[in-house]
Amino acid sequence: MVVGDISTGTEVLVIGAGPGGYVAAIRAAQKGLDTTLVEKDAYGGACLNRGCIPSKALITASGLAHEAGTAEDMGIHADPAVDLSRMMEWKRGVVDRLTGGVEKLCKANGVNLIEGTARFVDDHTVRVAHGGDGQGSESIEFEHAIVATGSRPVEIPGFDFAEDHVWSSEAALAAESVPDRLVVVGGGYIGMELATVYAKLDAEVTVVEMLEDILDPYEDDVKRVVRDRAEELGIEFRFGEGAAGWSEAGDGGHLVHTETEAGEESSYPADRVLVAVGREPVTGGLDLENAGVETTERGFIETDDRTRSAVDHVHAVGDVSGEPMLAHAASKEGIVAAETIAGEPAALDQQAIPAAVFTDPEIGTVGMTEADAAEAGFDVAVGEMPFRASGRAMTTGHTDGFVRIVADADEGFVLGAQVVGPEASELIAEVGLAIELGATLEDVAATVHTHPTLSEAVMEAAENAQGQAIHTLNR
Amino acid sequence: MTVEEFRLPDVGEGVAEGELVAWLVEPGDRVEEDQPVAEVETDKALVEVPSSYDGVVEELFVAEGEVVPVGDVIISFRVDGDEKSIDADEADGPDGEPVVKDADEVDSGAADSTTKRAFAPPSVRRLARELGVDLGAVAGSGPGGRVSERDVREHAETTGSGNGAVDADDGNSSGPRPVDVGSDERRSAVKKRDSGAGSDGRASTSGPEPADRDRTLATPATRKFARELGVDVDEVPTDETREGEAFVHEDHVRAYVEASTGVKAGTDAATGTESGVGGSDVGVETDPTPADPATDAPTSTADTVSADADVADGSEAGSVDGDAAGDADGTAAETIPYRGVRRTIGERMERSKFTAPHVTHHDTAEVDDLVAARERLKPKATEAGVTLTYLPFVMKAVLAGLREYPILNSELREEEEEIVLKEEYHFGVAVATDAGLMVPVIENVDEKGLFELAAEVSDLAERARDRSITPAELRGGTFTLTNFGAIGGEYATPIINYPETAVLGLGAIEKRPVVRERSGEDGFLGDDASHEVVPASTLPLSLSIDHRVVDGAVAARFANVVMDHLEDPLLLLNE
């Protein structure tokens, strides 16, 4: 035994304190299991520290600045001055409160917290190295492990995140100044959210995307609303081009070089280039093979519907266990993992996992699209309510977008919804509830919704699907 | 060689479950395709279920007397060769259809209920996992078939969760997989925490040899049950397997503990949760002979017990429930399963009586001439090989009435807001059978002669009694006759065979006193003296109508027409 290597035992060992891991740890402790949570960096994981929360803080702040400066129609004349460092400080304050809260919750629930980096020694032991060299390590014997190590932004050849002018999404959320010219590589949801933030903070933004449109998985009419608005904000799009590299430009800035599939090259001047082409699982360095757990080619851990890996007592939750890489999916998986270990009949049997994109306007989706439902063999009923027909939407000054609800035509069961428009991320929750409860179009339509609110659009869409909408023409 | 599972096919229109009355094969038997393997009683008829495979019976998953939802696995076959290794779901096609005569009317869409998306809220889905219930097989009572918590509980109770365990392991991704409680260390820790009575006592007696498996399949409820008794499921001997893995259910655990300790460990009630939840493994719910009050008691209290136990999870609920069982010992009453034909009758009656406002019109026909007519025709009928009862005459008289008042040969369709006057005259005839009331239908009464009707009635009645009648022969009536008088009685208030509009009940034809005008006298004697009471053959009639569709006056006029034809059978020549 190495000096400073002490050995302890635990019933449940959770590796990673993100929204999958800390939720799993708290629930396991609630179930009376002796639980140890190992985190190498910061409680709350990427979500709280480098993802969801900081990005939403900046989206709100930049949106507010932009709104204030563009509200002449409402009789407001202003030219807001943005102090980015103060904005970042405020953002950090939010993050700190939340991460501090997570730590307190873990402790209050009796979770043992250990800081360090865990590696599997065998299928019942990890060694946790504390901090840097010489700070010692300890072995922990566990009966069950939950791997919740999350994901990190993917690098692409030619763009090293170590370079000052090459940003990962995480660096873009901690910027010291607003670049004059920003090239965003990748038109997925992270790229689009951050492109919007910097466009609203008056950067000249160019989005370079290999595909022919932004936001790949979404339906065309949904994308269209976001893209139109982005173009209105001055964001330039270059589709069909892949980022190939960069070079120094004479003016102290850089040139981002792109290439089409056919080999045509272009270059765009930039002060910063944000690479947002996806996230990859963090499984390297865990020595999972010592526990008998294999990863896929891309590094994910495959799990069953009770979050178990091929080794029954080793679970994996969150981004590390594959799509959907969403914080709320991770939390659900964490709960199922803990309850499964506690011997309860938990399983990932939710009908739908909602997703939100915080672009301008927002996108919220849950369950099936019209095409999904048809493919699944349903006779599909679809209803829509455009926000331009919503009184409340008009009073917010944002009438782009629509609510679309998808249902089974025979029995009326709600199967899914796509919302693009103001507060879409909030509106989608109602439809998620409807899907989980097996509610029908009539249930949604007959539920009285507050006037004047955006949520009325959900009710109207349900009515429209039944051919009974009041405020839109029924199709 | 592959093992193929066979699910209970859809055995008739709208039939969601059937009682497995008898197995016709045993494990190890060689069967040929289409050979009947089981008799299943639905709420409509008794049908034989044929095998879809050539092969050897591997396992029977359902006990005789158990009620099985359509789509549940009932039997598996070891099939030779590849050509027959069709997917179990495909087996629900034409091959899987039951032997009923109107095969064309059988819904061959069959048992895809298990693959259909089940609409149920998360709390209900969790309960289904807990009880080992396949949600797809549960008939939801909510709008559009949405499944409620009660539906799941009832399903678990009527099927017994032995089925659930099968479903759980047949690859259904939403079903539960047995929870492996974990490493050896953990198991020993769990044992230490438990009372110790089970494990210690067992160790010191010469019980059965503990099995020593590394891995055991069991439902979570069984594992919990085992934990409560301090038993390691890996040690419990079992001869059952699922997917090649040893499978343990509560019976095994209990038997093992009892054999090991000599103590009747874990009475049913001591594990209240299990009785209500997974514990229907025990089979008490489906035992058709509720002879043992000790095992029977929890059945009736299962709901409340499990509800309490859920709340009190982790407390020493065992002893409390044990007392409850003691109380129940002496008071267990005989219970009769409310299922199959009995329940169908109940549901139909409930629907009719609570939907259609009934009015019953009573009158009496004087049928001396009818009695004479039948006497005259009887020898002819006998020659023709037919037993001539009064029923064919009554059918013809009713036919006359319906022709004049077609509103009584109708159906109210509430949703369409219309009353459909039927063009056919298909008469249901109520038949008392050992299993309960059945109503076979004689079609096109207007096109058939008296003898023909007589022959058909007796044929259908007989086949209703021996249960060989087909579902199609019980459908499609437009008007119903019930001859309760065959057993005795004068008047009744028959319940309409919904959605028909009217039903005519016939009392016994007997000599009864009737008042007639004194013949050969003139009117000088006054009212009383001008009439006399004489014996006459009378037929009491009880006509119930759906008052939504037709009013009492029309019913009375209809009855008058029927009576005219019964009192003067010559009029029947016209029909």
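S.K.: I'm lost on the overall build of chain A in this one. Help?
M.R.: Scanning chain A from terminus to terminus reveals 13 helices and 22 strands. Going through the 475 residues of chain A one by one, you find that 50% of them count as buried. Taking the intrachain contacts of chain A between residues at least 6 apart in sequence as the baseline, contacts between residues at least 24 apart amount to 64%.

S.K.: Please explain the overall build of chain B as it appears in this structure.
M.R.: Summing up its helical and strand segments, chain B has 16 helices and 21 strands in all. Sorting the 575 residues of chain B into buried and exposed places 45% on the buried side.

S.K.: What am I meant to see in the nonpolar core here?
M.R.: A general trend in soluble globular proteins is that nonpolar side chains are found buried together. Core analysis: the largest hydrophobic core is formed by 100 residues, its most contacted members being Val184, Val273, Ile405 and Val414 of chain A. Per-element tally for this core: the top contributor is helix H6 (residues 189-200) of chain A, with eight residues. Ranked by size, the runner-up nonpolar core spans 56 residues in total, among them Val394, Leu399, Leu450 and Val457 of chain B.

S.K.: Before we go on, may I ask you to explain helix H12 (residues 368-383) of chain B in this structure?
M.R.: Each turn of an α-helix holds 3.6 residues, which means side chains three or four residues apart point in the same direction. Residues and elements named next belong to chain B. Under the 1.5 Å per step criterion, the end-to-end length of H12 is 24 Å for 16 residues, consistent within 8% with the ideal 22 Å. Helix geometry: H12 is bent most strongly at Leu377, by close to 35°, with proline Pro379 lying one to four residues after it. Looking one or two residues past H12, Gly385 carries a phi angle of roughly 80°, positive in sign.

S.K.: Where do I start with the sheet that holds strand E1 (residues 2-7) of chain B in this structure?
M.R.: Think of a sheet as strands paired side by side through backbone hydrogen bonds, with each pair either parallel or antiparallel. Residue and element names in this part refer to chain B. Here four strands make up an open sheet; going across it, the order is E1-E8-E6-E3 and the pairing antiparallel. Among the strands making up the open sheet, the edge pair consists of E1 and strand E3 (30-31). Summarising the sheet, strand E6 (residues 55-60) and strand E8 (residues 73-79) pair through five bridges and their orientation is antiparallel. Residue pairing in the sheet places Gly55 in a bridge with Val79 of E8.

S.K.: What exactly am I supposed to notice about the packing of helix H13 (residues 391-404) of chain B against helix H16 (residues 552-567) of chain B here?
M.R.: The relative placement of two packed helices is expressed as an angle between their axes plus a distance between the axes. Residues and elements named next belong to chain B. Their axes nearest at 8 Å, the elements H13 and H16 cross at an angle of 140°. If you check the angle between H13 and H16, you find them oblique. Note that H13 runs across H16; the crossing there is right-handed. In this structure, H13 uses Phe393, Val394, Ala397, Val398, Ala400, Gly401 and Glu404 to contact H16, whose residues at the interface are Phe558, Val561, Val562, His565 and Leu566. A class-by-class count of the residues in the contact of H13 with H16 yields nine nonpolar, two polar and one charged.

S.K.: Teacher, can you tell me more about the sheet that holds strand E13 (residues 254-260) of chain A here?
M.R.: Residues and elements named next belong to chain A. With antiparallel pairing, three strands are arranged side by side in an open sheet as E12-E13-E14. Single-partner strands in this sheet number two, and they are strand E12 (241-248) and strand E14 (265-270). The average angle at which neighbouring strand axes cross in this sheet is 30°, direction not considered. Of the strand pairs in this sheet, E12 and E13 are connected by seven bridges, and their pairing is antiparallel.

S.K.: What is the right way to read the environment of Arg227 of chain A from this model?
M.R.: Tracing the sequence through the fold places Arg227 of chain A in helix H7 (residues 220-232). With 35 residues separating them along the chain, Arg227 of chain A and Met192 of chain A place their C-alpha atoms 9.3 Å apart.

Cut-offs used in this document
Each chain has its residues counted from 1, following the order in which its sequence is written. The lettering of chains begins at A and the numbering of ligands begins at 1, in the order of writing. With pLDDT at 70 or above as the cut-off, local features in this predicted model cover only qualifying residues; side-chain atom pairs require 80 or more to be listed or tallied, and sums for whole chains, interfaces and linings still use all residues. Strands are runs of DSSP state E lasting at least 2 residues, helices are runs of H or I lasting at least 4, and numbering of each runs from the N terminus. Here a residue counts as buried when 20 or more other C-beta atoms sit within 10 Å of its C-beta, as exposed when there are 12 or fewer, and as partly exposed otherwise, the C-beta atoms being derived from the backbone. Two residues qualify as being in contact provided that their C-beta atoms, derived from the backbone, are within 7 Å of each other. We define a nonpolar core as a collection of buried residues of the types Ala, Val, Leu, Ile, Met, Phe, Trp, Tyr and Cys that are connected via C-beta atoms lying within 7 Å of each other. Helix span, as expected, comes to 1.5 Å for every residue beyond the first. Note that the bend at a residue is defined as the angle between axes fitted to the seven residues ending at it and the seven residues starting at it. Pairing between two strands is assigned when DSSP locates at least 2 bridges connecting them. For helices, the axis comes from a line fit to the C-alpha atoms of the stretch in contact; other axes are also lines fit to C-alpha atoms, and the angle between any two N-to-C directions lies between 0 and 180 degrees. Each angle gets one of four labels, with under 35 degrees taken as roughly parallel, over 145 as roughly antiparallel, 65 to 115 as roughly perpendicular, and the rest as oblique. In this scheme the handedness of a crossing depends on how the near helix is turned from the far one: anticlockwise by less than a right angle means left-handed, clockwise means right-handed. Following the grouping adopted for this structure description, the nonpolar residues are Ala, Val, Leu, Ile, Met, Phe, Trp, Tyr, Cys and Pro, the charged ones are Asp, Glu, Lys and Arg, and the polar ones are all others, Gly among them.

No statement about biological role is implied by the geometric values presented.
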